[in-house]
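Architecture and fold: a report
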Amino acid sequence: MLRRKFLRAGTGAVAGSVLLGAAGSATATERPQMTFESAHYSNYTSSSRSASDMRWIVVHTIEGSASSGINWFKNPDADVSSHFVVDSDGNITQMVELSDVAWTQGNGDYNDTGISIEMEGYANETDFSEAMYEAVGQLCAWLCESYDIPKTHPTFDIAPCSAYDGQGGLIGHSQVPSPYDCSTVTGGKVDPGSTWDWDYLLQQMDGATGGSLSAGDVVATTTSVNVRSEPTIGDNVRHTNQAGVRGVVKDGPQEADGYTWYRIAYENGIVGWTVERYQGTASTEFLHDQRVATTADLVVHDDHALDAPDVWTAPEGSAGYVRAGPQQADGYTWWRIAFNSGMTGWCVAEYLDAAPVDGHGVGHGDGGGDGDGDDGSSPAFAEGDTVRATTALNTREQPGTGETVVDTVSDGATAAVVNGPVDADGYTWWGLHWQDADVWGWSVEQYLELDSGGGSGDEPSTDFDVQTDLTVPVDVTGQEIDDAIAAEMPDSPLVGLGDTFVAVQQEYGVNAVYQAAHAIHESAWGTSQIAQDKRNLFGWGAVDSNPYEGAMEFDSFADCVWHVMGEISDLYLEPGNWRYNGPTLDGMNVYYATDDQWDVKIADHYRTLAGNI
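Below you will find a few notes about this structure. This is a predicted model, so every value here is computed, not measured.

Some points on helix α5 (residues 478-488)
- For α5, the complete set of buried residues consists of Gly478, Ile481, Asp482, Ala484 and Ile485. The buried residues of α5 occupy an angular sector of 160° when projected down its axis, which confines them to one face.
- Where α5 is buried, its residues touch α6 (498-508), α7 (512-523) and α12 (598-612).

Considerations on the sheet that holds strand β7 (residues 114-119)
- Reading across the sheet, the six strands line up as β1-β5-β4-β7-β3-β8 and stay open at both edges, with mixed pairing between neighbours. In this open sheet, the two edge strands, each paired with only one partner strand, are β1 (35-36) and β8 (169-172).
- As paired strands, strand β3 (residues 56-61) and β7 are joined by six bridges and run parallel to one another. Directly across from Val58, in β7, lies its bridge partner Ser116.
- Of the strands in this sheet, β4 (84-86), β5 (92-94) and β7 are in contact with helix α1 (residues 66-73), which crosses β4 at around 160°.
- Along the sheet face, helix α3 (residues 130-147) touches β3, β4, β5, β7 and β8 and points at about 155° away from the line of β4.

Thoughts on the nonpolar core
- Of all hydrophobic cores here, the largest spans 48 residues; its most connected members are Tyr514, Leu537, Phe538, Ile568, Leu585, Met588 and Tyr592.
- At the level of elements, α5, α6, α7, α10 (557-571), α11 (585-588) and α12 are the ones that each hand at least two residues to this core.
- For this core, the leading source of residues is α10, giving eight residues.
- Listed in part, the 36 residues of the second largest apolar core include Ile92, Phe128, Val225 and Tyr259.

Comments concerning the pattern of salt bridges
- Under the definition given, this model contains four salt bridges.
- With its nearest N and O atoms 3.0 Å apart, the salt bridge here joins Lys74 to Glu37. Linking Lys74 in the loop between α1 and β4 with Glu37 in the loop between β1 and β2 (44-45), this pair joins segments that are 37 residues apart in sequence.
- Its relative accessible area of 30% is what places Glu37 among the partly exposed residues.

Let's talk about the state of the cysteines
- Summed over the entire model, instances satisfying the criterion amount to one disulfide.
- Through a disulfide, Cys161 is tied to Cys182; the S-S separation comes to 1.8 Å. Linking Cys161 and Cys182, the disulfide has an S-S dihedral of approximately 50° and is accordingly described as right-handed. Of this pair, Cys161 sits in the loop between α3 and β8 while Cys182 sits in the loop between β8 and α4 (198-209); the two residues are 21 residues apart in sequence, bridging distant segments of the chain.
- By relative accessible area, which is 16% here, Cys182 ends up buried.
- Take Cys144: it sits in no disulfide, and the sulfur closest to it among the cysteines is that of Cys140, at 6.2 Å.

Here's the deal with the packing of aromatic side chains
- Under the counting rule described, the total for this entry stands at twelve aromatic pairs.
- The interplanar angle of 40° and the centroid separation of 5.5 Å between the aromatic rings of Trp56 and Tyr110 together place this pair among those described as tilted. With a gap of 54 residues between them, Trp56 in strand β3 and Tyr110 in helix α2 (residues 108-113) connect regions that are remote in the sequence.
- By relative accessible area, which is 0% here, Trp56 ends up buried.
- Note on Tyr110: relative accessible area 0%, which makes it buried.
- Ring geometry for Phe381 versus Trp430: centroids 5.3 Å apart, planes at 65°, classification edge-to-face. Note that Phe381 is positioned in the loop between β22 (352-354) and β23 (386-389) and Trp430 in strand β27 (residues 427-434), a separation of 49 residues in sequence.
- Taking the relative accessible area as the measure of exposure, Phe381 reaches 9% and is therefore buried.
- Taken together, Phe128, Tyr133, Trp196, Trp198 and Tyr200 form an aromatic cluster joined through their ring pairs.
- Above the face of the Tyr548 ring, Lys534 is positioned so that its terminal group lies 4.7 Å from the ring centre.

Quick look at the packing of α7 against α10
- Taken N-terminus to C-terminus, the directions of α7 and α10 make an angle of 110°; their axes are 12 Å apart at the nearest point. Classed by the angle they form, the pair α7 and α10 counts as roughly perpendicular. Across the interface between the two elements, Tyr514, Gln515 and His518 from α7 touch Val561, Met565 and Ile568 from α10.
- Looking at the contact of α7 with α10, its residues break down into four nonpolar, two polar and no charged.

Some details on the environment of Phe501
- Counting through the fold element by element, Phe501 comes out in helix α6.
- For Phe501, a relative accessible area of 0% gives the class buried.
- C-alpha separation for the pair Phe501 and Ala512, spaced eleven residues apart in sequence, amounts to 5.0 Å.
- For Phe501, the contacting residues outside a window of four places in its chain are Ile481, Ala512, Gln515, Ala516, Ala519 and Val561.

Remarks on the pairing of β23
- Taken together, the three bridges between β23 and strand β26 (residues 414-424) define a ladder with antiparallel strand orientation. Looking across to β26, one finds that Arg388 is bridged to Thr414.
- Direction of pairing for β23 relative to strand β29 (residues 448-450): antiparallel, over a ladder of three bridges. Its bridge partner being in β29, Val387 is matched across the sheet by Leu450.

Some words on unusual backbone geometry
- Put simply, Asp191 and Pro192 share a cis peptide bond, and its omega is 5°.
- Tracing the sequence through the fold places Pro192 in the loop between β8 and α4.
- Not every positive phi belongs to a glycine, and Glu63 is a case in point at roughly 65°.
- Relative to the assigned elements, Glu63 resides in the loop between β3 and α1.

Each value, and the rule that gives it
- Numbers given for residues are sequential positions, taken from 1 along each chain in its written order.
- Local features in this predicted model are restricted to residues whose pLDDT is 70 or higher, and side-chain atom pairs enter the listing and the counts only when it is 80 or higher, whereas totals over whole chains, interfaces and linings include all residues.
- Side-chain metrics rest on all non-hydrogen atoms present in the structure, leaving aside hydrogens and water.
- Exposed residues in this analysis have more than 50% of their type's maximum accessible area, buried residues have under 20%, and partly exposed residues fall in between, with area computed by a 1.4 Å probe over protein chains only.
- Counting from the N terminus, the helices are the DSSP runs of H or I reaching at least four residues and the strands are the DSSP runs of E reaching at least two.
- By construction, the arc corresponds to the directions joining the helix axis to the C-beta atoms.
- We call two residues contacting when some pair of their heavy atoms lies within 4.5 Å.
- When DSSP finds two or more bridges between a pair of strands, those strands are recorded as paired.
- Axis lines are fitted to C-alpha atoms, over the contacting stretch for helices. Their N-to-C directions set the angle, which ranges from 0 to 180 degrees.
- Here, the term nonpolar core denotes a set of buried Ala, Val, Leu, Ile, Met, Phe, Trp, Tyr and Cys residues that are joined through side-chain atoms within 4.5 Å.
- The working definition used for a salt bridge is a side-chain nitrogen of Lys or Arg within 4 Å of a carboxyl oxygen of Asp or Glu.
- Whenever a pair of cysteine sulfur atoms sits within 2.5 Å, that pair is classed as a disulfide.
- What counts as a ring pair is set by centres within 6.5 Å for rings of Phe, Tyr and Trp (its six-membered ring), and what kind of pair is set by the plane angle: stacked under 30 degrees, edge-to-face over 60, tilted for all other angles.
- Any Lys NZ or Arg CZ that is within 6 Å of a ring centre and within 35 degrees of that ring's normal is treated as a charge sitting over the ring.
- By definition in this entry, angles of less than 35 degrees are roughly parallel, angles greater than 145 are roughly antiparallel, angles of 65 to 115 are roughly perpendicular, and the rest are oblique.
- Gly counts as polar in this scheme, as do all residues outside two lists: the nonpolar Ala, Val, Leu, Ile, Met, Phe, Trp, Tyr, Cys and Pro, and the charged Asp, Glu, Lys and Arg.

Shown next, in the form of structure tokens:
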């Protein structure tokens, strides 16, 4: 099936592992003050690395004083070195040129692609000083901007087997995989440890850049990031964008909870507030298939040239979609726009502006409407709704009867509403993601109805086992899941999460009952200390060596389910990631858990729930 996301051209999609442009800073970050004391030449590899070779900044603790680390790296018998050493007073010593390869990661590929920072102190013990955070923050900000490394801390337990996979970023020594068994950490390392605050480091990096975004900037997410209705971590998560999703800044900045927030209209139709540090700048003014509007009465040409024949004069405020460009001609930048009026042609960029994604409700003709019906009624659907086809139904690349048909979905197929409404050719159109077919397109409203059911597959079965495909949705409601949990443990804190499990199934295609069974197993029905203290139902981040300190903390149980299941879908259930060994519990167990009975135990919980549904 053809997979096409809204506001993204098929040939212009942004790879999730690529950071577009610089690391989100408007002004250059200065190189922090430092001294240079060379490590012994036998402790590193002379090389000629450039920015394209550098992907990771790896943070370590010396397990001692800065002076002891410096002296050891100068010892010809050490066979180890680091690019930088930082002491508790914030003094930075560089010991290896960045073009050379330091030996400190315990993994050759991560040495080749890494920049290492050794900090004075002890893992899980040192209360790192403010001066340390400021110095490391400024150093990392300068390195990220200078060498195009994402300003993000990936939260995976262990980085990819290959240092050339993934997006890169800032990681701890405790995340570097062993070169001999990439399901384990190299040398059993735990540094920088639980007392190192990654979020605070990233805040220091934000402060070091002094940069900000402006309305109209095109950005791209640098990692998986939550999008919220309001600029505060206490607000509901509307959606979790993966890395590489582009969008247009609409509002901000707003300061709250120690973060800088911007309201961004993303190319997948999601609009909301998200944290600045996870946005990188994209390199183009508009996105292919982005919605735009004219800022003045504008002559539209049939080619990108001033002497090309006129197609139409678009009135100010005319809305349309970017179809091609940019092209340079006659001293201007040109974009080909398909207007909602039905006219298509080339326009000068100077008279175009990004139109907000949440303003897709256009009136007939010139695109000046507000999304309501002609009689002033409210739209039939809203972003995030699940709808069902009432007949075999065409879905098209863009709204309009003349647009290319992407697929014809079957009667009863369900889809998530991600865009719209748009009026075209006498119909009201909605942008949809048909989950079963994994198809993105536009369909006519009159053949859609709200779907109140929970799934689109078979009912949950007690025949479930460790080989059952977890990416096949089940036909279940949130209330049925809640009742099944309550039948076994009436006071379980998991009761009430049924609708969340079903919504996640609709978004990611991950079996809703499996989600509940997984949470039951990992959180002792929601009663474990990690679940209660950190709202973490899946032990996400809880490595065997230090499970409580390693476990991630979430704002709510629902936030945890959305985040973790999105990660599981991407990392364990979709081909292409090194962790993928089939979309089953048995396949997940290869890398997910050290308990070889983990898959069997979750399957037992699943059958128990299914028996109560």
